[in-house]
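# An overview of the molecular structure
One-letter residues, chain by chain:
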Amino acid sequence: MRGYVLRRLLLIIPTLLLLVLGTQFLATLAPGDPAENYARLHSTSGVATPAQIAHARVLLGLNRPFFVRYVAWIAGAVHGDLGVSFTRNTHVAAEIGSRLGATLELALTALGLTIIVATPLGAFAAMRHGSWFDHTLRAGSLLLASIPGFFLAYVLIEVFGTQLNLLPVAGREEASSIVLPAVALSAGGIATASRLLRASMLEVLGEDYIRTARGKGLSSVRVVARHALPNAALPVITVLGTLLGYLLAGSVVIETVFAWPGVGQLLAEAVAERDYPTIQGLVVIAGAFFLIINLLVDLSYRFLDPRVRLAKQ
Amino acid sequence: MGESAIDALVTELIHGRITRRQFVGRAVALGVSASGVAVLLDACGAASSSPTPTAVAPAANQTITIGQALDNYVATGLKSYIGAYPVNANIYEQLVRLNPDYSVSPWLAKSWTQNGNTVRFQLRSDVKFQDGSPLTATDVKYTFDRVAQGGGGLPMLGPNSTVIVDQYTLDVTPTATNYRLVEQIVHPEYAILKSGTVFGDPKNGTGPMIFGEYVKGDHITVTRNPGYWGPKPTATTITHKFIPDATSRTLALQGGQLDLAVDVARSAVAGLRSTPSLKVATAPVGQYQAFYINIHGTAPHDLGQDPAIRQAIETAIDRKGYINTVLAGLGEEVQTFLPPSILGSYASLVKGFSYDVSGAKSALDTAGWSVGSDGIRTKGGRRLSLTMVNGFPDAPTNQGAPEFVQAQLKAVGIDLQITTAPDSASYTSYLTQGAGDLFLETGNQNDGNAAFLPTIIFYRGQTFGNYPKYFGPGGAVDTDIAAALSAPSDSAAAQNVAMAMHEVVDNSKVFVQLAGLSRIYGLHSDIAGFVPHASNVNQNWATVYRTK
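Residues numbered from 1 in each chain as written. Chains lettered and ligands numbered in written order. Predicted model: local features only at pLDDT ≥ 70, side-chain atom pairs only at ≥ 80, totals over all residues. Heavy atoms only, no water.

## A word on the overall build of chain B
Of the regular secondary structure elements, chain B holds 17 helices and 23 strands. For chain B, the proportion of its 548 residues judged to be buried stands at 61%. Within chain B, counting contacts between residues at least 6 apart in sequence, those at least 24 apart form 69% of the total. Counting every atom, chain B has about 19000 Å² of accessible surface; 53% of that belongs to carbon and sulfur. (Helix = DSSP H or I, 4+ residues; strand = E, 2+ residues; numbered from the N terminus. Buried < 20%, exposed > 50% of the residue type's maximum accessible area, 1.4 Å probe, protein only. Contact = heavy atoms within 4.5 Å. Areas by Shrake-Rupley, 256 points an atom, 1.4 Å probe, with all protein chains shown as cover.)

Below is the structure:
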């Protein structure tokens, strides 16, 4: 077990190195000159002369060869230095840190909401297979998964913010501010997870050990909660793990629509400003989240599924 | 002229404490000319569609929340203008102020004189910073020297440009000939700081509002400055809340989370107007939507060099139709990108073009461009196909414009391909390479210098930017702009700029104006005292107050 975890952790390093390389390469290909952008932003006339642009290129280290910049960035990153933002003059790590709290708060709330809503819906639909509830859930989840996030966000704002005047529609000042963005962000996850859980539950409910449990006289609730759900949850956990990775990377659209000051908004700003260090920092942090969450999901199988434990042994 | 007295009078009118008749009488008594009174009244009313100030007493609760767009404050360095630019929270003030009609008035400086390339400013002696210390020439020198460190800005300030004469007098000499300095320093980037401080430091401005709290990406809050030297604001607290998405901003206004929303979506204006608890205010025209024709491009972007094509483009565009359909009627037909008021009577020097499809076709026929089987013209085997680059300030801002122009040009046999730059950095990249025939933009005039935009876009004598490399006609345009930059008076500068724009529009046909735009604001009906400024960065929010 320890060896497995160590091997997986070590694999994260080359993956991140490749991620940084790919990000830097793609950023270089993108149209727009960050030196010109920097010079213009830092010139009090709002426009940049060729001399100012050339100076900015040297100042930002953009005159150095591609691999020199790559190695320099890696060297800084291992010491916790993700560089300095081209446009804000602030340390990227600090800038991301200041936004990460908002994104974590939103992501974890959306994930919690997904689990709380999708689990009973999926389980109940499987237990009542073929009923009107099952049909409604299937149709409803298909509809929910098909609605673009920004559209749902506007509908939620219109209904709960404007018409009913129940909830704030933008910002992060009040505790209730999180409700609408969290609902909008979790909608797709609820649709996917509930359908997946339903399908998985249907398969599990037909297994011999479930029949045995019922034969022993266990109540339906106990059969589902104790025996069916943990086994049916495995594929759902994989999906939720991936979902959390996406959520932590920041939802650009939802954060923009709800003016939620998280890393998604920061990423959108950084891309628009060709702020390479910030883009690179955000991609690496998001990549690290993905890899760690994937590892945790894999490890969770060991505890949830005895077959995995036995196979490992 | 007694500027503070006039300010007080305007505030009285805005707050509904005097009638318009009383306002006119007192303004004339203060020596304001008839046209000046009209301008002031216009500014107070801002536009016919703006809410007229009513005689309603302020309410007890004076906390106002304003929905702004994206938080574009730079947080550190010399370009850090927290609280000043682009969202002006009225913490700071400049030596001179830009009026809604783009004229310039005294502010922290009570007067100035131009002596050759040097401007001597006489400061007011009754101005105090929010920490209680008086404003002196030392503070102005500190501020301008700071600008010089950042490159000097458009006024071309150098390390030795600002010289203190006495406690309240100083001389400012640009590093090169620049008679437009006074009109340039109206911009909030030239707001005066307390010596030794930076933007965003608490209690360091002279303005009506005091810095309270700034949360990046979320809001900036300011409170009333009880010791303000001018008319005291009624609002006790103003929170500028950043909501980047225009639709969300509009919905937040409708939901009551905002008292006032900046730049509401054009598509939402009719809905807001029909809601009894809401109203819409529009600023005078200060923005423009236009495209420039690349006249110095290389193949395949060299078709703009043909005068017949430029003539056809100018006359093929139905500007009135554009305003009515794409802009939902919320635009004005103007001939240049300059706000009409900035050129004054000289604006008539620029004739512009009328919608004339047959004239456009005829120009192309005469030049040998014959219509092909698909309706697109060809000449010598070459198809008349142009590329329009859309992306400044961003593509969504210009939504609908490329497609409208495409349809109009197709009607005269010109094929238009649309390239959408995802952001302004990409757009700049296309521009730097001259990779397009037509470049579509929405811009804004934020200072009082009539030569500002023509210099950036068309003046081949300037050493920054790529615009003139592709759009500068040279010759008379350069001569006129150079004359405007060194003109001794605003009027002479306006005349020279108008002559340059006449050359650019009517003769060179390198500039195609689509519409003059106004900023649109949505506000609750219990919000009063709002006077929309054509230049949003010069907006005075401190006059806004709540009646209920």
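## What to know about the packing of aromatic side chains
Each aromatic ring pair is summarised here by two numbers: the centre-to-centre distance and the angle between the ring planes. Residues and elements named next belong to chain B. Taken as a whole, this structure holds 30 aromatic pairs over all chains when the rule is applied. When the ring of Tyr292 is compared with that of Phe471, the centres are 5.2 Å apart and the planes differ by 45 degrees; the resulting orientation is tilted. Here the residue Tyr292 occupies a position in strand 13 (residues 287-293), and Phe471 occupies one in helix 15 (residues 467-471), the gap between them amounting to 179 residues. The exposure classification of Tyr292 matches that of Phe471, with both residues buried. When the centroid spacing of 4.8 Å and the interplanar angle of 75 degrees are considered together, the rings of Tyr521 and Phe530 count as edge-to-face. (Phe/Tyr/Trp six-rings, centres within 6.5 Å; stacked < 30°, edge-to-face > 60°.)

## Section: the interface of chain A and chain B
Residue-level contacts link 40 residues of chain A with 39 residues of chain B. A combined buried area of about 3200 Å² lies between chain A and chain B, and 55% of that area is made up of carbon and sulfur atoms. The interface formed by chain A and chain B includes eight residue pairs in polar contact (both at pLDDT 80 or more). Among the secondary structure elements, those contributing two or more residues to the side of chain A that touches chain B are helix 2 (34-42), helix 5 (92-127), helix 7 (149-163), helix 11 (252-257) and helix 12 (263-272) of chain A. Broken down by element, the side of chain A that touches chain B gets its largest block of residues, five residues, from helix 7 of chain A. Partitioning the side of chain A that touches chain B into residue classes produces 15 nonpolar, 15 polar and 10 charged. (Buried area = accessible area lost by both parts, 1.4 Å probe. Polar contact = N/O pair within 3.5 Å; in protein donor to acceptor, adjacent residues only side chain to side chain. Nonpolar A, V, L, I, M, F, W, Y, C, P; charged D, E, K, R; others polar.)

## Section: unusual backbone geometry
Residue and element names in this part refer to chain B. Pro300 follows Ala299 through a cis peptide bond whose omega is 10 degrees. Assignment of secondary structure puts Pro300 in the loop between strand 13 and helix 8 (307-316). With omega at -5 degrees, the peptide bond leading from Phe392 into Pro393 counts as cis. Along the chain, Pro393 falls in the loop between strand 17 (385-392) and helix 12 (401-410). For Asn90, which is not a glycine, the phi torsion comes out positive at approximately 65 degrees.

## Some thoughts on the side chain of Ser508 of chain B
Following the sequence through the fold, Ser508 of chain B ends up in the loop between helix 17 (490-507) and strand 20 (511-517). For Ser508 of chain B, the contacting residues outside a window of four places in its chain are Arg310, Pro473 and Glu503 of chain B.

## What about the domain arrangement of chain A?
All names here are of chain A. As far as domains go, chain A holds domain 1 (2-92) and domain 2 (103-304). Taking only C-alpha atoms into account, the centre of domain 1 sits 33 Å from that of domain 2. With 27 residues of domain 1 in contact, the opposing surface of domain 2 contributes 22 residues. When domain 1 packs against domain 2, close to 2100 Å² is buried across both sides, 68% of that on carbon and sulfur atoms. For the pair domain 1 and domain 2, the number of links is one salt bridge. Salt-bridge contacts for Asp298 lead to Arg8; the nearest nitrogen and oxygen are separated by 2.5 Å. Run the count over domain 1 and domain 2 and you get four residue pairs in polar contact (both at pLDDT 80 or more). Of all the elements in the fold, those that place two or more residues in the side of domain 1 that touches domain 2 are helix 1 (2-29) and helix 2. Counting residues per element, the side of domain 1 that touches domain 2 draws most heavily on helix 1, at 13 residues. Of the residues assigned to the side of domain 1 that touches domain 2, the class counts are 17 nonpolar, eight polar and two charged. (Domains from an automatic or database assignment. Salt bridge = Lys/Arg side-chain N within 4 Å of Asp/Glu carboxyl O.)

## Section: the sheet that holds strand 17 of chain B
Residues and elements named next belong to chain B. In spatial order, the strands read 18-17-19-13-20; together these five strands make up an open sheet with mixed pairing. Edge positions in the sheet fall to strand 18 (415-420) and strand 20, since each has one partner strand and no second. Between one strand and the next, the sheet's axes are offset by a mean angle of 20 degrees, whatever the strand orientation. (Pairing = 2+ DSSP bridges. Axes fitted to C-alpha atoms, helices over the stretch in contact; angles between N-to-C directions.)

## Some thoughts on the packing of helix 16 (residues 476-485) of chain B against helix 17 of chain B
Residue and element names in this part refer to chain B. Close contact between helix 16 and helix 17 brings their axes to 8 Å; oriented N to C, the two are set at 165 degrees. It follows that helix 16 is roughly antiparallel to helix 17 by the angle criterion. In this structure, helix 16 crosses over helix 17, and the sense of that crossing is left-handed. Contact residues: Ala476, Val477, Asp480, Ile481, Ala483 and Ala484 in helix 16; Ala493, Asn496, Val497, Met499, Ala500, Glu503 and Val504 in helix 17. Residues belonging to the contact of helix 16 with helix 17 are distributed by class as follows: 10 nonpolar, one polar and two charged. (Parallel < 35°, antiparallel > 145°, perpendicular 65-115°, else oblique. Left-handed = near helix turned anticlockwise from the far one by under 90°.)

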